[in-house]
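Overview (structure and organization)
Here's the letter readout for the chains.
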Amino acid sequence: MNIAFIIHNQAETGPYWKVLEQCAAYVKLGHKATIFATSKTERWKTHIVMRDGVRVIEAPDLLWGKLRQGVDIWNALVRCRIAKKLHGEEPFDVVHAVDCRPNVIIPSLYMQRSLKMPFILSWWDLFGKGSTRFGKAFALTVGLVEGWLETGFRKYADGATTITSFLARRLEEIGYSKDKIEVHHLGVDTSQEPLEYEAARAWLQEKCGIGQEEKVLCFAGTIYESDFTLLLRALDTVQERNIPYKLVWVGKHFIPDDVCDKYHIHRTGIVPTMQEVYRYFAAADACILPMEVNDANAARWHSKMTDYLNAGAPVALTPVSDFPRYFAANDIGWLARSGSAEDFAEVLRQALGESKERRKALGINARAFMRRELDVMAIAERALRFYQRFIKA
């Protein structure tokens, strides 16, 4: 099978990496894959590179910086021209796109209608109706356009995948046929064994000076302000109960020094490799996912969660996305009863009170769960079967 995969993102940023991981899995399974992404800097030239056996098209864009997010029509037209040329050399069997910004939906519909191939459209995030992530001003202005883009073109797809059950229900609500929808979470490569807990703790002591007997929480990456407020309120409660801890914050995210001091936050800064990122996770008594319970977070599949579990780290979290179902059925961490700071503080208390033996057992469960449910090869095989339904039609 020859697969075209279209995203609006710039190459080597954000969801690009997850798309590349899935397309690399297609290649390992004996198929061919091409990703259409946006160049970080080029305005006129197209670059074609090979990454992990996957052909990546980096299309030019006339905008700059953060404005290179899928709205440039020139970018869309260049993608159409390249798709036609590549299809003439070796026909694509299917086009799979993520979300509906112009530089995604225009080439996708062109390939479906002019180049005669099935069009699969994925829904990975919620920025329009129901999303309050960027505040009321965004929701009443740009959010209205995002909402129209998110929903207005989905009816034209031959088949659809969503990243969560919430988005599958939303897709049904706008009239899309249920029998053409599948929920496909993002998988991860589970083939590499992470560092064991005790070895990771020894590494963390050498790296950061955090003693092996200290209790460690871990969070990775950036966080929305409302979720950060939830976390700090929960940590206030933990401190009121005199429960000692250190919070290792992996990656680059601005936190004032006085906040770090008050809440015992150790910032790593940019970590050069995922292998080292996984070492921080493996050293934690619990990784954490503090998220407000709202439609935006119900719609998202939080990739850091799969990385936490894949590193063999149990997770303390609020009940968002499809995670409550998995945590109810698998002993892999601590699920708060609600999205309140009080309930999140309670699961932090539980996590910080576990023995080392219990922590190691939870880590083993987490790895087994990831291999069984969310291995990227299994996710890729499921996607290929879904494509085949429409190729045959």
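What comes next is a walk through the structure. Model, not experiment: these values are computed from the prediction. (Residues numbered from 1 in each chain as written. Predicted model: local features only at pLDDT ≥ 70, side-chain atom pairs only at ≥ 80, totals over all residues. Heavy atoms only, no water.)

Notes on the overall build of the protein chain
- Across its full length, the protein chain carries 16 helices and 14 strands.
- For the protein chain, whose C-alpha radius of gyration is 22 Å, the value lies close to the compact-globule estimate of 21 Å for 393 residues.
- In terms of overall dimensions, the protein chain has a C-alpha envelope of 65 × 45 × 40 Å along the principal axes.
- For the protein chain, buried positions account for 55% of its 393 residues.
- If you take every contact in the protein chain between residues at least 6 apart in sequence, the share linking residues at least 24 apart comes to 67%.
- For the protein chain, the accessible surface area stands at approximately 17,400 Å², while carbon and sulfur atoms represent 54% of it.
- Each charge class in the protein chain can be summarised by its mean position, and for the 52 positive and 48 negative side chains these summaries are 5 Å apart. (Helix = DSSP H or I, 4+ residues; strand = E, 2+ residues; numbered from the N terminus. Rg over C-alpha atoms; globule rule 2.2 N^0.38 Å. Buried < 20%, exposed > 50% of the residue type's maximum accessible area, 1.4 Å probe, protein only. Contact = heavy atoms within 4.5 Å. Areas by Shrake-Rupley, 256 points an atom, 1.4 Å probe, with all protein chains shown as cover. Lys, Arg positive; Asp, Glu negative; His and termini not counted. Charge placed at Lys NZ, Arg CZ, Asp CG, Glu CD.)

Things to note about the environment of Ile223
- One can find Ile223 in the loop between β9 (216-220) and α8 (225-240).
- Taking the relative accessible area as the measure of exposure, Ile223 reaches 12% and is therefore buried.
- Setting aside chain neighbours within four positions, we find Ile223 in contact with Phe228, Trp249, His253 and Pro290.

A closer look at the layout of surface pockets
- Roughly 290 Å³ of volume is contained in the second largest pocket.
- In terms of lining, the second largest pocket is formed by 15 residues, of which the most central are Leu195, Glu196, Tyr197, Gly363 and Ile364.
- Those elements giving two or more residues to the lining of the second largest pocket turn out to be α7 (197-208) and α15 (356-373).
- The leading source of residues in the lining of the second largest pocket is α15, at six residues. (1 Å grid on protein atoms, 1.4 Å probe; cavity = no way out; pocket = protein on both sides within 12 Å on 5 of 7 lines; lining within 4 Å. Points joined across faces, edges and corners; volume = space filled by probe spheres on them.)

Examining a nonpolar patch on the surface
- There is a patch of nonpolar side chains on the surface, built from Ile73, Leu77 and Ile106 and spanning about 240 Å² of accessible area.
- On the secondary structure map, Ile73 appears in helix α2 (residues 73-89). (Patch = residues over 30% accessible without salt bridge, like charges linked within 9 Å, V, L, I, M, F, W, Y side chains within 5 Å. Salt bridge = Lys/Arg side-chain N within 4 Å of Asp/Glu carboxyl O.)

Considering empty space enclosed by the protein
- As enumerated under the stated definition, the model contains one cavity of 30 Å³ or more in all.
- The wall of the largest cavity is formed by Gln22, His96, Ser122, Trp124, Thr161, Thr162, Ile163, His184, His185, Leu186, Ile379 and Ala383.
- Elements that contribute at least two residues to the lining of the largest cavity include exactly β7 (159-162) and α16 (376-392).
- Among the residues making up the lining of the largest cavity, the classes are represented as five nonpolar, seven polar and no charged. (Nonpolar A, V, L, I, M, F, W, Y, C, P; charged D, E, K, R; others polar.)

Concerning the nonpolar core
- Grouped together as the largest cluster of nonpolar side chains are 134 residues, with contacts concentrated most on Tyr26, Ile35, Leu247 and Phe281.
- Among the elements that make up this core, the one with the highest residue count is α16 (eight residues). (Core = buried A, V, L, I, M, F, W, Y, C linked by side-chain atoms within 4.5 Å.)

Examining helix α12 (residues 303-310)
- Burial analysis of α12 places six of its eight residues in the buried class, the great majority of the element.
- Remark: Gly312 follows α12 within two positions and exhibits a positive phi of approximately 80 degrees.

Section: the packing of aromatic side chains
- Within the structure shown, the criterion is met by 14 aromatic pairs.
- An aromatic cluster is built from Trp301, Phe323, Tyr326 and Phe369, whose rings are joined through pairwise contacts.
- When the ring centre of Tyr326 is taken as reference, the NZ or CZ atom of Arg325 above it lies at 4.5 Å. (Phe/Tyr/Trp six-rings, centres within 6.5 Å; stacked < 30°, edge-to-face > 60°. Lys NZ or Arg CZ within 6 Å of the ring centre and 35° of its normal.)

Details of the pairing of strand β1 (residues 2-10)
- Counting buried positions along β1 gives nine out of nine residues, so the element sits mostly inside the fold.
- By the alternation rule, side chains of β1 split into Asn2, Ala4, Ile6, His8 and Gln10 and Ile3, Phe5, Ile7 and Asn9, which are all buried.
- Across six bridges, β1 lies against strand β2 (residues 32-38) in parallel orientation. Its bridge partner being in β2, Phe5 is matched across the sheet by Ile35.
- Crossover β1 to β2 through helix α1 (residues 16-28) is right-handed.
- Where β1 lies against strand β5 (residues 94-98), four bridges are found, and the strand directions are parallel. Note that in β5 the partner of Ile3 across the bridge is Val94. (Pairing = 2+ DSSP bridges. Right-handed = clockwise from strand over helix to strand, strands pointing away.)

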